[in-house]
Amino acid sequence: MSATEVQADNGSTCIASDVSPKPELSKDKIFHLLQTPRRRHVLRYLKDNDGVVEMRDLAEQVAAWENETTVQALTSDERQRVYIPLYQSHLPKLDEEGVIEYNQSRGTIERTELADQLDRYLTVETQTEDDEESIQQPSWESYYLGVSVLSTILLVGTVLGAPILAALPGVAIGGSIVAMFSLVTLAQAMSERARGR
C-alpha cells in the first residue's frame, strides 16, 4: 500500500492510503478455467479442504469422483490417468491464472482469494448434479408405497373373493407380499452399499 497526500477543504493536509483493487477474473477467463470437469473437481476439493493440500490426496479424490468410486477402491491406472494431467496441465494452468498456489516440486496446492470468484459457478453445478440424480432415480419411499398398494389390492381381492385370487391359497398370497417387501429392502440395501453410504 502506498500513501498519498490529500488537500482537505479547510486547508489541512491528510494522508490517504491507496488500496489496490482486488484483481478480478473476466467471465471468459472463468468459463475457460471451468470448462473441464477435472479443474472443477480440483476447485471443489480445495474449497472443502482449507489450507495447503497434498497433490497426491487431491489427485486420488478427483480420480475417485471421475470413476464414481471411493479412494480406497481406486486402481493404480485410475490414479495415474488423473495424476499426470493434473501435474502437467491443469494445476499449472490454475496457478498461472492466480487461482491456486501450486508448488510443483513439493507437490502442494493452496487455494487463493481469487478462487472465491469461481465458487458460485461450482455451487450451481453441484445443485444441478443433485437435481439430475433425484430426477433420474425415484425415491425408495415410492417403491415401498407401490408394494404396499399392490399388497392391499391382493388382500382386498382375496377377502372379496376375486376369481383369480380366490383360487390361490392364503399362504401363497402372504408369501408374495413378504417376498415383494424383501426384494425392495434388499435392492435398497445394495444400492446404498454401492454408493458407499
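Residues numbered from 1 in each chain as written. Predicted model: local features only at pLDDT ≥ 70, side-chain atom pairs only at ≥ 80, totals over all residues. Heavy atoms only, no water.

Caption draft 1: Region of the structure containing the overall build of the protein. Broken down by element type, the protein carries 8 helices and 5 strands. Walking the protein from its N terminus toward its C terminus, one meets helices and strands in the order β-β-α-α-β-α-α-β-β-α-α-α-α. Considering only contacts within the protein whose residues lie at least 6 apart along the sequence, 52% involve residues at least 24 apart. As displayed, the protein has an accessible area near 13,300 Å², and 55% of this comes from carbon and sulfur atoms. (Helix = DSSP H or I, 4+ residues; strand = E, 2+ residues; numbered from the N terminus. Contact = heavy atoms within 4.5 Å. Areas by Shrake-Rupley, 256 points an atom, 1.4 Å probe, with all protein chains shown as cover.)

Caption draft 2: View of the sheet that holds strand β4 (residues 100-103). Reading across the sheet, the 3 strands line up as β3-β5-β4 and stay open at both edges, with antiparallel pairing between neighbours. In this open sheet, the two edge strands, each paired with only one partner strand, are β3 (53-54) and β4. Relative to strand β5 (residues 108-111), β3 runs antiparallel, the two sharing 2 bridges. When the bridges of β5 are listed, Glu-54 appears paired with Thr-108. On the sheet, helix α4 (residues 76-96) packs against β4 and β5 and is oriented at approximately 135 degrees with respect to β4. (Pairing = 2+ DSSP bridges. Axes fitted to C-alpha atoms, helices over the stretch in contact; angles between N-to-C directions.)

Caption draft 3: How the structure looks around the packing of aromatic side chains. Applying the stated rule across the entire model yields 3 aromatic pairs. With 6.3 Å between their ring centres and 10 degrees between their planes, Tyr-83 and Tyr-87 make a pair best called stacked. Remark: Tyr-87 and Tyr-83 occur in helix α4; sequence separation between them is 4 residues, near one turn of the helix. For Tyr-83, a relative accessible area of 30% corresponds to the partly exposed category. Ring centres of Trp-140 and Tyr-143 lie 5.1 Å apart, and the angle between their planes is 45 degrees; this geometry places the pair in the tilted category. (Phe/Tyr/Trp six-rings, centres within 6.5 Å; stacked < 30°, edge-to-face > 60°. Buried < 20%, exposed > 50% of the residue type's maximum accessible area, 1.4 Å probe, protein only.)

Caption draft 4: Representation of the pattern of salt bridges in the model. Applying the stated criterion across every chain yields a total of 7 salt bridges. Between Arg-38 and Glu-66 there is a salt bridge, and its shortest N-O distance comes to 2.7 Å. Remark: Glu-66 occurs in helix α3 (residues 55-66) and Arg-38 occurs in helix α2 (residues 37-48); sequence separation between them is 28 residues. We classify Arg-38 as buried; its relative accessible area is 17%. Exposure remark for Glu-66: the relative accessible area of 32% places this residue in the partly exposed category. Glu-97 is the partner of Lys-93 in a salt bridge, and the nearest nitrogen-oxygen pair spans 3.6 Å. Overall, Glu-97 belongs to the buried group, its relative accessible area being 16%. Counted as one network, the salt bridges with shared partners bring together Lys-29, Lys-93 and Glu-97. (Salt bridge = Lys/Arg side-chain N within 4 Å of Asp/Glu carboxyl O.)

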